[in-house]
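Residue strings, one per chain:
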Amino acid sequence: MANSGQKVVLITGCSSGIGLRIAVTLAKDEKSRYHVNNAGVGLLGPVESISIEEMKRVFETNFFGVVRMIKEVMPDMKKRRSGHIIVMSSVMGLQGVVFNDVYTASKFAMEGFCESMAVQLMKFNIRLSMIEPGPVHTEFETKMMEDVAKMEYPGADADTVRYFKDVYLPSSTDIFEAMGQTPDDIAKCTKKVIESNSPRFRNLTNSLYTPIVALKYADETGGLSVNTFYNLLFNFGPLMHITMSILKCLTCSCLRRRTISPN
């Protein structure tokens, strides 16, 4: 049992990557006792080649896994009229990304569920916070990118496969190298949210993504963000590569530390 004044934190999936770094970061805090656990899966590629069963597996972990955990801890928190639920989401829960259709959908579902729950939970003095990373350098992400580049995509037409392998994947690699954070960055942001006296609901871990997300809310028709991402990917690919290379130089390690939000 935790001593009086200690925080007990349960976070789902910590065998590697972000979850592991959160566990290590919180374990170093001698003033608090943390119980850490974490989970999430990705899915990338042309949707025509992805089976419904594969899609269900993503939702089972990324959406229903979160729902089950919240349902498990919520009754006791309501009785105590105290608690803080932290959910690891993604910037893809705010902005759709081409060829990440199913993963993005699972994160959108989670964001909608949590946004709805947050209102009810406030009445019981329970806070709910979303951690929303962009690209993160993990072994999981590296292996996934290597694997999908080698895969065949039955069911998808040749043009779509070419766009995926020859246009999307190189652009995605550029973005990861220029804007990617480390699991330690995400862990530090999560610790700040846990320790905050007034935690925010949404917490983008990388302020470089703020303008990208803002595009969506600047135009209620959705055309601005859709057309912008289309042009960046298919019409201005070389320019995007140059821009990402410049951004990579600008976001050196000393500057990257400043992108760990919330401040």
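### Topic: the overall build of the protein chain
In terms of regular secondary structure, the protein chain is built from 10 helices and 5 strands. Residues counted as buried form 42% of the 263 residues belonging to the protein chain. In the protein chain, 76% of the contacts between residues at least 6 apart in sequence involve partners at least 24 apart. Surface exposure of the protein chain reaches about 14500 Å², of which carbon and sulfur atoms provide 58%.

### Side note on the packing of aromatic side chains
Tallied over the full model, the rule gives 8 aromatic pairs. Relative to Phe164, the ring of Tyr153 lies with its centre 5.3 Å away and its plane at 80°, an arrangement referred to as edge-to-face. Of the two residues, Tyr153 is situated in the loop between α4 (139-150) and α5 (158-179) and Phe164 in helix α5; the sequence distance between them amounts to 11 residues. The pair Tyr153 / Phe164 is uniform in exposure class, with both members buried. Considering the side-chain rings of Tyr230 and Phe234, the 5.3 Å spacing of their centres and the 40° angle between planes classify their relative orientation as tilted.

### A closer look at helix α3 (residues 101-122)
In this model α3 runs 32 Å from its N-terminal to its C-terminal C-alpha over 22 residues, within 8% of the 32 Å that 1.5 Å per residue would give. Three or more residues of α3 are buried, namely Val102, Tyr103, Thr104, Ser106, Lys107, Met110, Glu111, Cys114, Met117, Ala118 and Leu121. Taken together, the buried residues of α3 touch α2 (52-80), β3 (83-88), β4 (126-132) and β5 (202-204).

### Considerations on α5
The terminal C-alpha atoms of α5, which comprises 22 residues, lie 30 Å apart, in line with the 32 Å expected from a rise of 1.5 Å per residue. By the largest-angle criterion, Tyr168 marks the main kink of α5, which is about 35°, and a proline, Pro170, follows within four residues. Of all the residues in α5, the buried ones are Thr160, Val161, Phe164, Tyr168, Leu169, Ser171, Ser172, Asp174, Phe176, Ala178 and Met179. Among the residues of α5, the N-terminal cap falls to Asp157, whose side-chain oxygen and the backbone nitrogen of Asp159 are separated by 3.2 Å.

### As for the nonpolar core
Core analysis: the biggest nonpolar cluster contains 16 residues, and Ile70, Ile85, Val87, Cys114, Leu121 and Leu128 have the highest contact counts within it. For this core, the element with the highest residue contribution is α2, accounting for 6 residues. Once residues within four sequence positions are removed from consideration, Ile70 is found in contact with Ile85, Val87, Phe113, Cys114 and Leu128.

### What to know about the sheet that holds β4
One open sheet accounts for 3 strands, arranged β3-β4-β5; its pairing is parallel. Both outer strands of the open sheet, β3 and β5, are each paired with one neighbouring strand and no more. Sheet twist, expressed as the mean angle between neighbouring strand axes with direction ignored, is 20°. Note that β3 and β4 share 6 bridges and pair parallel. Paired with Met88 across the bridge in β4 is Ile131. Against the sheet, α2 touches β3 and β4, its axis set at about 170° to β3. Here α3 sits on the sheet in contact with β3, β4 and β5, set at roughly 155° to β4.

### Comments concerning the pairing of β3
In the case of a regular strand, side chains alternate between the two sheet surfaces. Across the 6 residues that make up β3, a large majority, 5, are buried. Assessed by its sense of winding, the connection that carries the chain from β3 through α3 to β4 is right-handed.

### Here we look at the confidence of the model for the protein chain
When the pLDDT values of the protein chain are averaged, the result is 80; 76% of them are 70 or greater. Ranking the elements of the protein chain by mean pLDDT puts strand β2 (residues 35-36) last with 36 and α3 first with 95. A low-confidence stretch, residues 32-37 (pLDDT under 50), is modelled with 29 contacts involving residues beyond four sequence positions or located in other chains. The low-confidence segment residues 253-260, where pLDDT is below 50, has 18 contacts with residues more than four positions distant or belonging to other chains.

The rules behind each value
Residues numbered from 1 in each chain as written. Predicted model: local features only at pLDDT ≥ 70, side-chain atom pairs only at ≥ 80, totals over all residues. Heavy atoms only, no water. Helix = DSSP H or I, 4+ residues; strand = E, 2+ residues; numbered from the N terminus. Buried < 20%, exposed > 50% of the residue type's maximum accessible area, 1.4 Å probe, protein only. Contact = heavy atoms within 4.5 Å. Areas by Shrake-Rupley, 256 points an atom, 1.4 Å probe, with all protein chains shown as cover. Phe/Tyr/Trp six-rings, centres within 6.5 Å; stacked < 30°, edge-to-face > 60°. Expected span 1.5 Å × (residues − 1). Bend = angle between axes of the 7 residues up to and from the residue. Polar contact = N/O pair within 3.5 Å; in protein donor to acceptor, adjacent residues only side chain to side chain. Core = buried A, V, L, I, M, F, W, Y, C linked by side-chain atoms within 4.5 Å. Pairing = 2+ DSSP bridges. Axes fitted to C-alpha atoms, helices over the stretch in contact; angles between N-to-C directions. Right-handed = clockwise from strand over helix to strand, strands pointing away. pLDDT = per-residue confidence, 0-100.

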